[in-house]
Amino acid sequence: GEDVEQSLFLSVREGDSSVINCTYTDSSSTYLYWYKQEPGAGLQLLTYIFSNMDMKQDQRLTVLLNKKDKHLSLRIADTQTGDSAIYFCAESGNDYKLSFGAGTTVTVRA
Amino acid sequence: DTEVTQTPKHLVMGMTNKKSLKCEQHMGHRAMYWYKQKAKKPPELMFVYSYEKLSINESVPSRFSPECPNSSLLNLHLHALQPEDSALYLCASSPNPGGGLNEQFFGPGTRLTVL
């Protein structure tokens, strides 16, 4: 968690776009990931991006990576109530470990 | 089969009990992980098995003892736990041990309460 930082809370209206931000410090990071955790459940891998890419889109999800600023974001289009969860960004380098951020709690309001 | 399963879902134990957590995957993944997660916090890595051998032990107290009987199964044996060990214990697996892409797939977890 020390090497990856996220804002802790985000409130968004149903139907709007959500943007969750993350910064990391390890320049040797090769892949960056977004995980979703619903209450009482395990972590679900949503998407990942290779550090040489700057964007990846997968249905309602868009990942943007600014490698120069070490900034990662996850945009969720047309946010639904089922998107309410904690979202963790994570990075991996050349070992088995994932370094997770503290998690952003996203609350979707009607 | 594209999921990681964990049993039991919930476990309550006393400080003198011995219990085991179980994890199973049939995706042919060669790395398996144990994590501990406290409420509203990110998962903390405990152990990593790669090709059924213990690769990483993150200075976990000896009251937690992992075991990997085969490439599909991972156990966590618990003995003389403390109340502060109460947490959600998550198992994960990944196809590719080592560096590079490290997609980890998580089970639903075991909610452990130590009285």
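Please refer to the structure higher up on the page.
Residues numbered from 1 in each chain as written. Chains lettered and ligands numbered in written order. Predicted model: local features only at pLDDT ≥ 70, side-chain atom pairs only at ≥ 80, totals over all residues. Heavy atoms only, no water.

Draft legend 1. Representation of the overall build of chain B in the model. A tally of regular secondary structure across chain B gives zero helices and eleven strands. Secondary structure of chain B in N-to-C order comes out as β-β-β-β-β-β-β-β-β-β-β. Relative to the 2.2 N^0.38 estimate, which gives 13 Å for 115 residues, the radius of gyration of chain B is 13 Å and therefore close to what a compact globule would have. Dimensions of chain B along its principal axes, counting C-alpha atoms only, are 40 × 25 × 25 Å. For chain B, the proportion of its 115 residues judged to be buried stands at 49%. For chain B, the share of sequence-separated contacts (at least 6 apart) that also reach a separation of at least 24 residues comes to 54%. (Helix = DSSP H or I, 4+ residues; strand = E, 2+ residues; numbered from the N terminus. Rg over C-alpha atoms; globule rule 2.2 N^0.38 Å. Buried < 20%, exposed > 50% of the residue type's maximum accessible area, 1.4 Å probe, protein only. Contact = heavy atoms within 4.5 Å.)

Draft legend 2. Inspection of the overall build of chain A at higher detail. Across its full length, chain A holds zero helices and eleven strands. Radius of gyration (C-alpha) of chain A: 13 Å, near the 13 Å computed for a compact globule of 110 residues. For chain A, the spread of C-alpha atoms along the principal axes amounts to about 40 × 30 × 20 Å. Considering only residue pairs separated by 6 or more positions, chain A has 53% of its internal contacts joining residues 24 or more positions apart. Carbon and sulfur atoms make up 47% of the accessible area of chain A, which amounts to about 5,400 Å² in all. (Areas by Shrake-Rupley, 256 points an atom, 1.4 Å probe, with all protein chains shown as cover.)

Draft legend 3. How the structure looks around the sheet that holds strand β3 (residues 18–24) of chain A. All names here are of chain A. Strands sit in the order β1-β3-β8-β7-β6 across an open sheet of five strands; the sheet is antiparallel. Either end of the sheet is taken by a strand with one partner, and the two such strands are β1 (4–6) and β6 (55–58). Going across the sheet, the axis of each strand differs from the next one's by a mean of 15°, ignoring polarity. Bridging between β1 and β3 involves three bridges; their strand directions are antiparallel. (Pairing = 2+ DSSP bridges. Axes fitted to C-alpha atoms, helices over the stretch in contact; angles between N-to-C directions.)

Draft legend 4. Highlighting the interface of chain B and chain A. On the side of chain A, 23 residues touch chain B, which itself brings 28 residues to the contact. Overall, the association of chain B and chain A removes approximately 1,900 Å² of surface from exposure, summing both partners, and the carbon and sulfur fraction of that is 62%. Summed over the three residues of chain B that lose the most area to chain A, namely Leu101(B), Asn102(B) and Phe106(B), the buried surface amounts to 24% of that side. Scanning the region where chain B abuts chain A turns up one salt bridge. We note a salt bridge from Glu58(B) to Lys97(A), for which the minimum N-O separation is 3.0 Å. Counting the contacts that link chain B with chain A gives four residue pairs in polar contact (both at pLDDT 80 or more). If you list the elements that add at least two residues to the side of chain B that touches chain A, you get β4 (31–37), β5 (44–50), β6 (53–57), β9 (87–94) and β10 (105–106) of chain B. Residues of the side of chain B that touches chain A, tallied by class, amount to 14 nonpolar, nine polar and five charged. (Buried area = accessible area lost by both parts, 1.4 Å probe. Salt bridge = Lys/Arg side-chain N within 4 Å of Asp/Glu carboxyl O. Polar contact = N/O pair within 3.5 Å; in protein donor to acceptor, adjacent residues only side chain to side chain. Nonpolar A, V, L, I, M, F, W, Y, C, P; charged D, E, K, R; others polar.)

Draft legend 5. A look at empty space enclosed by the protein. All names here are of chain B. Applying the stated criterion across every chain yields a total of one cavity of 30 Å³ or more. Of the voids in this model, the largest cavity is the one considered here, and its volume is about 30 Å³. Together, His 29, Arg 30, Ala 31, Met 32, Tyr 49, Tyr 51, Glu 52, Cys 68 and Ser 71 line the largest cavity. Tallied by class, residues from the lining of the largest cavity come to five nonpolar, two polar and two charged. (1 Å grid on protein atoms, 1.4 Å probe; cavity = no way out; pocket = protein on both sides within 12 Å on 5 of 7 lines; lining within 4 Å. Points joined across faces, edges and corners; volume = space filled by probe spheres on them.)

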